[in-house]
Amino acid sequence: LSQRPELHNSPERCVALAAVAYFALWSAQSKDALEIGNDILEMAERDQNQYLTWAAHSLLGSTLALRAELTSARSHLNKALDGYEARSPDQLDLVIGGGVDVVSLCLRAMVLWLLGYPGQASDDLKRALALARASTYSSALGFAQSAAGILLFLLGRDPEAARHQVEGLRLLREE
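The structure contained in this document is the topic of the report that follows. Note that the coordinates shown come from a computational prediction; the quantities given were computed from them, not determined experimentally. Residue indices follow the written sequence of each chain, beginning from 1 at its first position. Owing to the predicted nature of the model, reporting of local features is limited to residues with pLDDT of at least 70; listing and counting of side-chain atom pairs is limited to 80 or more, with chain, interface and lining totals taken over all residues. Heavy atoms throughout the structure, all of them, feed into the side-chain values; hydrogens and water do not.

### Points about the packing of helix α7 (residues 118-134) against helix α8 (residues 138-154)
Phase 1: What counts as an axis is a line fitted to C-alpha atoms, over the stretch in contact for a helix, and the angles between N-to-C directions run from 0 to 180 degrees. We count a stretch as a helix when DSSP gives it H or I for four or more residues in a row; a strand needs E for two or more, and each element gets its number in order from the N terminus. Between α7 and α8, the least distance of the axes is 8 Å, while the angle of their chain directions is 155°. Comparing their axes, α8 and α7 come out roughly antiparallel. When you trace α7 past α8, the crossing you get is left-handed. The segment α7 lies against α8, with Ala121, Leu125, Ala128, Leu129, Ala132 and Arg133 engaging Ala140, Leu141, Ala144, Gln145, Ala147, Ala148, Leu151 and Leu152.
Phase 2: Gly is put with the polar residues, along with every residue not named as nonpolar or charged; the nonpolar set is Ala, Val, Leu, Ile, Met, Phe, Trp, Tyr, Cys and Pro, and the charged set is Asp, Glu, Lys and Arg. Across the contact of α7 with α8, the residue classes break down as twelve nonpolar, one polar and one charged. Our angle categories are set so that under 35 degrees counts as roughly parallel, over 145 as roughly antiparallel, 65 to 115 as roughly perpendicular, and the remainder as oblique. By convention the crossing between two helices is left-handed if the near helix lies anticlockwise of the far one by an angle smaller than a right angle, and right-handed if it lies clockwise. Two residues qualify as a contact provided that any one of their heavy atoms is within 4.5 Å of a heavy atom in the partner residue.

Shown next as structure tokens:
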């Protein structure tokens, strides 16, 4: 779909590219995810599509975080959140797994913890959970709960981590 000429400048092409990029990301093909993420960012900036720009930075930040390129990941995740405005649901939200804000905050929390900023990580996690609870997507809350479980485990708060993890997995299974 992303290669079809009639979709060249359409939002549907971006959604298809994002789906391919996230598949590559979660399939440990980070090089492919970075290439596609950069393509999406170029399209977003060319078209002056602010939401797509935030989404591209979120994808790039997520990919770099999983590659342990923490400083670059943090920079992209900051850009994904810089001036972000939640809006009515978008096709791209379904690919991302929820809003750009929830996903970016969860991943930035992990990056911040790894960089040695547990207080800031905890703040981001609280914001992500609050936004996810207000989201129209149960997958956003499932993602945030799972991320909270991981981060709280790393912070040594095992009982709270277990509660979040179980709830996150329940929500994602239902979704």
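### A closer look at unusual backbone geometry
Phase 1: For Gln48, which is not a glycine, the phi torsion comes out positive at approximately 55°.
Phase 2: Its place among the elements puts Gln48 in the loop between α2 (30-47) and α3 (50-66).

### Things to note about helix α6 (residues 100-114)
Phase 1: Helix span is expected to be 1.5 Å times the residue number reduced by one. The end-to-end C-alpha separation of α6 is 21 Å, in line with the 21 Å expected for 15 residues at 1.5 Å each.
Phase 2: A large share of α6 lies buried, amounting to 13 of its 15 residues. Remark: exposure states derive from per-residue accessible area (1.4 Å probe, protein chains only) relative to the maximum for the residue type, with buried under 20%, exposed over 50%, and partly exposed in between.

### Some remarks on the nonpolar core
Phase 1: Think of a nonpolar core as a cluster: buried Ala, Val, Leu, Ile, Met, Phe, Trp, Tyr and Cys residues, connected wherever their side-chain atoms sit within 4.5 Å. Counting 26 residues, the largest nonpolar core has Ile40, Leu59 and Val111 as its most contacted members.
Phase 2: Once residues lying within four places of it in the same chain are set aside, the contact partners of Ile40 are Cys14, Leu17, Ala18, Leu52, Ala56 and Leu59.
Phase 3: Grouped together as the second largest cluster of nonpolar side chains are 22 residues, Ala128, Leu129, Ala144 and Ala161 included.

### A word on α7
Phase 1: Given a rise of 1.5 Å per residue, 17 residues ought to cover 24 Å, and the 24 Å separating the end C-alpha atoms of α7 matches this to within 8%.
Phase 2: Those residues of α7 lying buried are Ala121, Ser122, Asp124, Leu125, Ala128, Leu129 and Ala132. Seen from one end, α7 has its buried residues packed into an arc of 160°, which puts them on one side. Summarising the geometry of α7, the exposed residues directed more than 90 degrees from the buried face are Lys126 and Ala134.
Phase 3: Those residues of α7 that are buried are in contact with α6, α8 and α9 (158-174). Directions are taken from the helix axis to each C-beta atom, and the arc is the one they span.

### Some details on the environment of Glu160
Phase 1: With respect to the secondary-structure elements, Glu160 resides in helix α9.
Phase 2: Note: C-alpha distance between Glu160 and Gly149 (eleven residues apart in sequence) is 7.4 Å.

### Describing the side chain of Ser30
Phase 1: The topology assignment puts Ser30 in helix α2.
Phase 2: Reaching out from Ser30, the side chain makes a polar contact with the side chain of Arg67 at a distance of 3.1 Å.
Phase 3: Ser30 has contacts with Ala24, Thr63 and Arg67, leaving out every residue within four places of it along the chain. Distance and chemistry together define a polar contact, namely a pair of N or O atoms within 3.5 Å, with one atom able to donate a hydrogen and the other to accept it when in protein, and with adjacent residues in sequence counting only for side-chain atoms on both sides.

### Comments concerning a nonpolar patch on the surface
Phase 1: Surface patches are drawn from residues lacking salt bridges whose relative accessible area is over 30%; two like charges belong together within 9 Å, two nonpolar side chains (Val, Leu, Ile, Met, Phe, Trp, Tyr) within 5 Å. The accessible surface values rely on the Shrake-Rupley method and a 1.4 Å probe; as for residues, cover is taken only from the protein chains in view. Here, a salt bridge means any Lys or Arg side-chain nitrogen found within 4 Å of an Asp or Glu carboxyl oxygen. Together, Ile150, Phe153 and Leu154 make up an exposed nonpolar region whose accessible area comes to about 280 Å².
Phase 2: Relative to the helices and strands, Ile150 is located in helix α8.

### With respect to the packing of α6 against α7
Phase 1: Close contact between α6 and α7 brings their axes to 8 Å; oriented N to C, the two are set at 165°. With respect to α7, the axis of α6 lies roughly antiparallel. Every pair of crossing elements has a handedness; the one defined by α6 and α7 is left-handed. Mapping the contact onto sequence places Asp101, Val102, Leu105, Cys106, Arg108, Ala109, Leu112 and Trp113 in α6 and Pro118, Gln120, Ala121, Asp124, Leu125, Arg127, Ala128, Leu131 and Ala132 in α7.
Phase 2: Looking at the contact of α6 with α7 residue by residue, the class counts come to twelve nonpolar, one polar and four charged.

### Topic: the packing of aromatic side chains
Phase 1: Stacked, edge-to-face and tilted labels apply to pairs of Phe, Tyr and Trp rings (six-membered ring for Trp) whose centres lie within 6.5 Å, assigned for plane angles under 30 degrees, over 60, and everything in between, in that order. Considering all chains together, one arrives at two aromatic pairs under this definition.
Phase 2: Where Trp54 meets Tyr84, the ring centres are 5.1 Å apart and the plane angle is 65°; that geometry is what we call edge-to-face. With Trp54 in helix α3 and Tyr84 in the loop between α4 (70-81) and α5 (91-96), the pair connects residues that are 30 residues apart, well separated along the chain.
Phase 3: Ring pairing ties together the aromatic residues Tyr51, Trp54 and Tyr84, which thus form one cluster.

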